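Fold and contact review
Below, each chain spelled out in residue letters.
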Amino acid sequence: MSSLKPKQVKKDRLLKQGVSLLLEKGYHATGLKEILDTVQIPKGSFYAYFESKERFAAEAIHHYIEPFIVRLTGHLQNPELDGLGALKAYYAELIAEVAKTGFKGGCLLGNLMGEIGDTSPLCRDALLDAVGRYADLQKTALERGQKDGTVRTDKTAKSMADLMLNGWQGALLRMKVEQSVEPLQAVCRDLLDDYFRA
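Our subject in this report is the structure included herewith. Just so we're clear, the structure is a prediction, and the values are computed from it rather than from any experiment.

What counts, and at which threshold
Residues numbered from 1 in each chain as written. Predicted model: local features only at pLDDT ≥ 70, side-chain atom pairs only at ≥ 80, totals over all residues. Heavy atoms only, no water. Salt bridge = Lys/Arg side-chain N within 4 Å of Asp/Glu carboxyl O. Helix = DSSP H or I, 4+ residues; strand = E, 2+ residues; numbered from the N terminus. Buried < 20%, exposed > 50% of the residue type's maximum accessible area, 1.4 Å probe, protein only. Axes fitted to C-alpha atoms, helices over the stretch in contact; angles between N-to-C directions. Parallel < 35°, antiparallel > 145°, perpendicular 65-115°, else oblique. Left-handed = near helix turned anticlockwise from the far one by under 90°. Contact = heavy atoms within 4.5 Å. Nonpolar A, V, L, I, M, F, W, Y, C, P; charged D, E, K, R; others polar. Polar contact = N/O pair within 3.5 Å; in protein donor to acceptor, adjacent residues only side chain to side chain.

1. Overview of the pattern of salt bridges
Applying the stated criterion to the full structure yields 12 salt bridges. Where E59 meets K11, a salt bridge forms, and the shortest distance between an N and an O atom there is 3.0 Å. Within this pair, whereas E59 is found in helix α4 (residues 53–76), its partner K11 is found in helix α1 (residues 6–25), the two being separated by 48 residues in sequence. Under the relative-accessibility criterion, E59 is labelled partly exposed at 22%.

This is the structure:
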């Protein structure tokens, strides 16, 4: 049984539906009425949960990244995986899921960076925070690999984590156009199986 209060449950439903629509249509093409109708909340009630559409998008960014943070943390806490192994297992899961969903959506962070990252300070701050948390976890994995001798030490873990994120975002865009997981597999193969290795 959920211990969340009814208002929080409704807010979470709004965020979950909002993430889906933002992924599918983008920020500007996603209407508040569409989100509210899907979760059966009256239009006037939106502002009881969020002060603006922009605030809603910023909170949707945090809502979106949290499961990825939790999942990657789980791989990092697996005693059977070293740092590089944790990243490989994590990305292999993501690739399998993307293939099942028919290459739809890509990454909400990357999509919103391109659409409103330079026009909404509130969303830009939310995006920077989400990307920063995500990159820090990957840096931790690479630092662990450096300590155990599986990851090269002539590059910083931070620079490699940034390269992984940048490469992954670019590969997601190509994946959508090519309708193939090959760009994602290539990034993982070239970086995790080759460039990052000691």
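2. As for the packing of helix α8 (residues 157–178) against helix α9 (residues 182–195)
Viewed as axis vectors pointing N to C, α8 and α9 meet at an angle of 155°, and their least axial separation amounts to 7 Å. When the interaxial angle is binned, α8 and α9 end up roughly antiparallel. Crossing angle aside, the handedness with which α8 passes α9 is right-handed. Residues L163, M164, G167, W168, A171, L172, R174, M175 and E178 of α8 lie in contact with α9, whose contacting residues are P183, L184, V187, C188, L191, L192 and Y195. Each residue belonging to the contact of α8 with α9 can be placed in one class, and the counts come to 13 nonpolar, one polar and two charged.

3. Some words on the side chain of S120
Tracing the sequence through the fold places S120 in the loop between α6 (108–116) and α7 (121–148). Take S120: its relative accessible area is 6%, and that puts it in the buried class. A distance of 3.1 Å separates a polar side-chain atom of S120 from the backbone nitrogen of C123.

4. Some thoughts on the environment of K100
Note on placement: K100 falls in helix α5 (residues 83–100). K100 sits 22 residues away from L122 along the chain, and the two C-alpha atoms are 33 Å apart.

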